[in-house]
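For reference, the chains in residue letters:
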Amino acid sequence: MKMKKKNKPNPFLRVLGILFIIYISLSIASFSGYYENKINEEVTLTEENIKKFERDIKENKEIDINNYIVSKKKDYRGFASNMGDNFSGFVEKLLTEELGKVGNVIKKLFS
């Protein structure tokens, strides 16, 4: 009986697979609006603080600006995150524009 040798996985295909998974993950995060949602939460907090400020003025309470300022949250989008976002945008543009061109060529061939 011959034993079959297991083929070594192709490193190029592994890297390609990992890049595809990263692309899908970043696309989902971008399309789901995670970052925009975080910004909207800060705006809501600001609106709540404005209402609190107006209420305190009506009630003649002592006003301290530090009670109404929203602390700035640190933006954790770094180099890798921006590069991944740029890469996913490039791939998306490539797929939509180039596949659209291919579709137009096929239409012209069959019409």
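Numbering of residues starts from 1 in every chain and runs along the sequence as written. Predicted model: local features are reported for residues with pLDDT of at least 70 only, side-chain atom pairs are reported and counted for 80 or more only, and whole-chain, interface and lining totals are derived from all residues. Working from all heavy atoms in the structure, the side-chain values ignore hydrogens and water.

Colleague: With reference to specific residues and values, describe the overall build of the protein.
Modeller: The helix and strand labels rest on DSSP assignments: H or I over at least four residues marks a helix, E over at least two residues marks a strand, and numbering proceeds from the N terminus. Within the protein one finds three helices and zero strands. Ordering the α and β elements of the protein from the N terminus gives α-α-α. Only protein chains enter the accessibility calculation, which uses a 1.4 Å probe; a residue is then buried when its area is under 20% of its type maximum, exposed when over 50%, and partly exposed in between. Here the protein holds 111 residues, and 8% of them are scored as buried. Under the convention used here, a 1.4 Å probe and the Shrake-Rupley method define accessible areas, while residue burial counts only the protein chains that appear. When the accessible surface of the protein is split by element, carbon and sulfur atoms take 62% of a total near 10,600 Å².

Colleague: How would you sum up a nonpolar patch on the surface? Please name residues and give values.
Modeller: Think of a patch as exposed residues, more than 30% relative accessible area, with no salt bridge, where like charges cluster within 9 Å and nonpolar side chains (Val, Leu, Ile, Met, Phe, Trp, Tyr) cluster within 5 Å. Note on definitions: salt bridges are taken to be side-chain nitrogens of Lys or Arg within 4 Å of carboxyl oxygens of Asp or Glu. Taken together, the side chains of Val15, Ile18, Leu19, Ile22, Phe87, Phe90 and Leu94 make up a nonpolar region of the molecular surface, amounting to roughly 640 Å² of accessible area. Mapped onto the nonpolar patch, the elements with two or more residues apiece are helix H1 (11-32) and helix H3 (79-110). A per-element tally of the nonpolar patch places H1 first, with four residues. Of note, Phe87 is situated in helix H3.

Colleague: Pulling in residues and values, what's your account of H1?
Modeller: Here a helix's expected span is defined as the number of its residues, less one, multiplied by 1.5 Å. Given a rise of 1.5 Å per residue, 22 residues ought to cover 32 Å, and the 32 Å separating the end C-alpha atoms of H1 matches this to within 8%. Identification of polar contacts relies on pairs of N or O atoms within 3.5 Å, with a donor-acceptor requirement for protein atoms, meaning one able to donate a hydrogen and the other able to accept it, and with residues adjacent in sequence counted only if both atoms are side-chain atoms. The N-cap residue of H1 is Asn10: its side-chain oxygen and the backbone nitrogen of Phe12 are 3.1 Å apart.

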